[in-house]
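Reading the structure
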Amino acid sequence: MPKASPTTSAANRPALRRNQACRPCRKRKLKCDAARPHCGTCMKQWQSLISVPAPPDYAHPAEPQCVYDPVDGLALAPETDPLEKIRLLEEEVSKLKIQLQEQRNIGSSGSSQQPLRRLSHLRPGSAPSSITSGSQATSSVQTPSLPYPKDRILPEHLRDSDPRNNSNSPELYEVGHKSSTDTILDIIYSGWNPDLPERNVLEHYIDVFFKCDPCGPRILHRPSFLAAVRLDPRDSSFPHSAILHAICASASRWSSRNVATLPDGTRRDEFAEFHASKTRQYIDKTMATGQDIFPVVQACILLAWYFYQEGRWVEIWIFAAFQTRVAIPLRLNYPGTFSTHNTTSLGGYLPPPKDLRDLESRRRTWWTTIIFDRIVSVGGWIHAIDERDIGTELPLRGEDFDSEQLMPSNPQDMCAEDVFTTHLPKYTDSFLLLIKAIMMFGRVTDFNVRGNLRVPTAPNKFQDPFQLPGFADLDRLVYSGFLENLPSMFKMTSANEIHSNRGSVDTDLYMVHIIPHAATITLHNPYLDLTDLNRISTSRCINAARAILSAYFKLSETSLDISRLHPFVTICWYLAAAVQVQVCKYFIEVGDQAREDQVWGEINVLRQAMINYGARSPIGTRQEKLLQGLMREIVRLTNQKQPLEVGLPLYPFSHTTLFATPTLPENAQMAPLPNPSTSHSMEYDSPTFVEDTGSLDLYCRAAGNVPPLLPNWGPHEPQQPLPPESGLVRWSYRA
């Protein structure tokens with residue numbers, strides 16, 4: 001057969017001269033079109049190669065291996081290792097920076113330098129200026145540290161006067177004698193994350209976080225954490241940046257820098273939002289790679305509490321689901337937070353705890369995750385993790401955790417039948433009681449959700465709930481069993497002024513005393529019938545609501561800042577106010593204006609408490625907005641001209657005093673701080689509690705305008721005096 005005639009392009013293409021073909025084609029004696037950067041023959045062979053999966057421990061080349069001889073005097077690129085190329089480039093960059101520094105020093109020797117603050121724009125929250133929206137984009141660039149000794153980066157005249165020799169903080173150096181290049185080189189050498197504030201500012205926020213935040217510090221070992229922050233940033237024990245960003249976001253609530261008030265009255269903290277976004281970036285990275293999963297989960301917990309105090313419910317639900325789901329593969333739900341059962345892939349899970357501190361940190365991380373899940377589910381949603389799937393024992397006391405005292409593991413877990421009524425002295429403090437109180441509330445949520453899941457109709461006030469299986473036992477536990485069996489040392493709900501002119505209140509213990517009342521309202525509210533004075537659910541709800549109100553009155557007698565309370569307190573106030581709204585509607589319908597006025601005053605007290613709390617934590621403002629929506633009907637029905645401004649009759653507090661902003665001593669530097677969980681030796685005695693005195697009769701006026709007998713909080717003398725350093729007064733219920 002005759003050969004096909006060549007195409008026009010092939011015929012017109014001039015023949016290649018010697019050595020114009022690529023080296024691989026010449027070596028293999030193949031036709032080469034000398035196309036650049038890769039000839040057609042090499043390109044086809046490379047495409048055929050990569051179309052087949054690479055064998056183990058082998059990687060296909062990223063591009064065709066097509067190399068030409070030098071042209072027009074250009075030097076042939078040597079075939080060097082890529083890592084060697086990177087090393088050579090880094091050395092070249094270092095030399096150029098040193099030359100640039102020397103030129104700047106020569107040029108600025110005869111002229112005065114102006115103070116430069118460029119690093120302040122790289123680090124949000126730096127002392128000279130607050131964060132702006134423009135600086136946020138700049139600060140997102142992280143400068144890596146270089147693996148060179150100090151004498152190869154810094155000029156000779158800076159080696160002996162390096163400010164890090166004393167304080168380890170580049171910002172403490174005299175800025176007026178430094179150029180911007182000096183400052184950047186300091187960051188490069190130190191390895192400090194430029195997205196974080198300066199070291200001294202960061203340490204301030206960490207100190208505020210541990211003193212003021214009522215939620216997050218429980219999972220961190222404070223002594224070792226404070227020591228780790230002072231290490232070199234490149235040290236393996238230095239805290240993870242995700243945790244530090246989350247701490248900055250949380251602590252900014254009590255040490256604000258750039259706060260804006262939104263049209264709905266809530267606050268917007270730009271500094272906190274910046275660090276919250278940085279924490280989310282680390283979380284997203286861990287979700288994709290799995291790196292540093294445990295510290296990032298801890299940062300996720302801190303950020304989740306920040307969102308909870310902000311009242312951002314969608315983010316709250318997402319983070320609650322994420323941290324509970326991640327904790328399961330980490331095996332934190334097993335005794336000792338570690339298990340090798342039913343798994344052949346230990347690499348996917350955390351290794352065994354290294355020491356007591358690591359073990360207890362995992363326990364507290366797990367239990368904080370669980371109670372957060374219970375708190376966000378009080379609206380009536382099922383929990384992410386069932387109580388029956390919790391195998392981890394309860395944590396140790398806070399003082400044992402901080403001191404790293406060798407203690408056997410807590411013998412109690414959620415499988416124990418008497419976990420809510422038996423409190424072992426060596427394994428009980430206010431944080432442990434708070435865990436139990438929240439878990440008890442979780443049982444109420446489980447009962448309501450599971451009871452309504454498959455029934456044809458919703459619960460109603462004509463139904464007798466005590467006929468439901470398990471209701472009577474749960475009511476007995478929530479209404480009286482838990483509070484009656486509290487150790488005598490922990491029957492307290494208020495605080496007095498302690499030494500050094502600072503007031504304190506154990507926020508965990510305060511919540512321990514009001515959560516059972518909120519749980520009682522949640523359990524009985526569907527069966528509340530104000531027309532039946534003998535109905536147990538009616539008296540239970542009213543007594544619980546007024547006990548929560550009485551606890552707030554007792555706290556308002558002090559100068560303590562209520563915004564330091566646990567954010568879950570706003571939900572308890574809302575539940576109590578919801579009962580009062582129903583009572584107010586009943587009095588409007590029956591025409592009892594005298595008692596209607598009293599209930600209006602009590603509702604407004606709780607509204608004002610939420611508003612005051614919302615001045616710092618927006619969840620208070622958001623809950624008050626929800627309460628206003630619940631009050632629309634009674635506002636429309638009432639004859640009051642200004643129902644939202646009704647005073648507070650029948651209480652021994654004036655309206656001015658009750659709503660006054662707490663004042664501090666003149667020499668006080670900051671507002672009163674919450675007292676961390678403390679525990680002491682305990683002895684048991686028989687407490688006195690509120691008795692059911694019969695629903696609406698609590699609102700009857702006594703002769704001579706004498707306040708009625710309310711379930712109040714009164715101090716009593718303990719059998720053994722409390723230690724003076726505790727700063728607490730013991731309080732118990734009395735009728």
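Our subject is the structure listed above.
So, a few notes on the structure that sits alongside this text.

Reading guide: rules and limits
Residues numbered from 1 in each chain as written. Predicted model: local features only at pLDDT ≥ 70, side-chain atom pairs only at ≥ 80, totals over all residues. Heavy atoms only, no water. Helix = DSSP H or I, 4+ residues; strand = E, 2+ residues; numbered from the N terminus. Buried < 20%, exposed > 50% of the residue type's maximum accessible area, 1.4 Å probe, protein only. Contact = heavy atoms within 4.5 Å. Areas by Shrake-Rupley, 256 points an atom, 1.4 Å probe, with all protein chains shown as cover. Arc of directions from axis to C-beta. Phe/Tyr/Trp six-rings, centres within 6.5 Å; stacked < 30°, edge-to-face > 60°. 1 Å grid on protein atoms, 1.4 Å probe; cavity = no way out; pocket = protein on both sides within 12 Å on 5 of 7 lines; lining within 4 Å. Points joined across faces, edges and corners; volume = space filled by probe spheres on them. Nonpolar A, V, L, I, M, F, W, Y, C, P; charged D, E, K, R; others polar. Core = buried A, V, L, I, M, F, W, Y, C linked by side-chain atoms within 4.5 Å. Salt bridge = Lys/Arg side-chain N within 4 Å of Asp/Glu carboxyl O.

Focus: the overall build of the chain
A count of helical and extended segments in the chain gives 26 helices and 6 strands. Among the 735 residues that make up the chain, the fraction classed as buried is 50%. The long-range share in the chain, meaning contacts at least 24 apart out of those at least 6 apart in sequence, stands at 72%. Accessible surface, the chain: about 35,800 Å² in total, of which carbon and sulfur atoms supply 54%.

Structural notes on the environment of G380
For G380, the position within the fold is in the loop between α16 (356-376) and α17 (398-403). If sequence neighbours within four positions are ignored, G380 has contacts with T445 and V449.

A look at helix α11 (residues 222-229)
For α11, the full list of buried residues reads S224, F225, A228 and V229. One face of α11 carries all of its buried residues, which in axial projection span an arc of 140 degrees. Against α10 (199-212), α12 (241-251) and α16 lie the buried residues of α11.

A look at the packing of aromatic side chains
Applying the stated criterion across every chain yields a total of 19 aromatic pairs. For the pair W305 and Y308, a centre-to-centre distance of 5.9 Å together with 80 degrees between the ring planes defines the contact as edge-to-face. Of this pair, W305 and Y308 both sit in helix α14 (residues 293-310), separated by 3 residues, roughly a single helical turn. The pair W305 / Y308 is uniform in exposure class, with both members buried.

What to know about the layout of surface pockets
Within this model, the largest pocket holds a volume of roughly 1,400 Å³. Along its surface, the largest pocket is lined by 49 residues, and S236, F238, P239, H240 and P295 are the ones closest to its centre. Per-element tally for the lining of the largest pocket: the top contributor is helix α13 (residues 270-289), with 6 residues. Partitioning the lining of the largest pocket into residue classes produces 21 nonpolar, 18 polar and 10 charged.

A word on the nonpolar core
With 140 residues, the main nonpolar core has Y308, F568 and W573 as its most contacted residues. Examining the composition of this core, we find that 14 residues originate from one element, helix α22 (residues 569-590), more than from any other. Look past the residues within four positions of F568 in its chain and what remains in contact with it is Y308, I375, V378, F441, M511 and I515. Among the nonpolar cores identified, the runner-up in size contains 8 residues, and A21, C42, C66 and Y68 belong to it.

Digging into the pattern of salt bridges
Overall, the coordinates contain 28 salt bridges when judged by the stated rule. One salt bridge in this structure joins E360 and R363, with 2.6 Å as the shortest N-O distance. Taken together, the positions of E360 and R363, both in helix α16 and 3 residues apart, correspond to about one turn of that helix. Each member of the pair, E360 as well as R363, is classed as buried.

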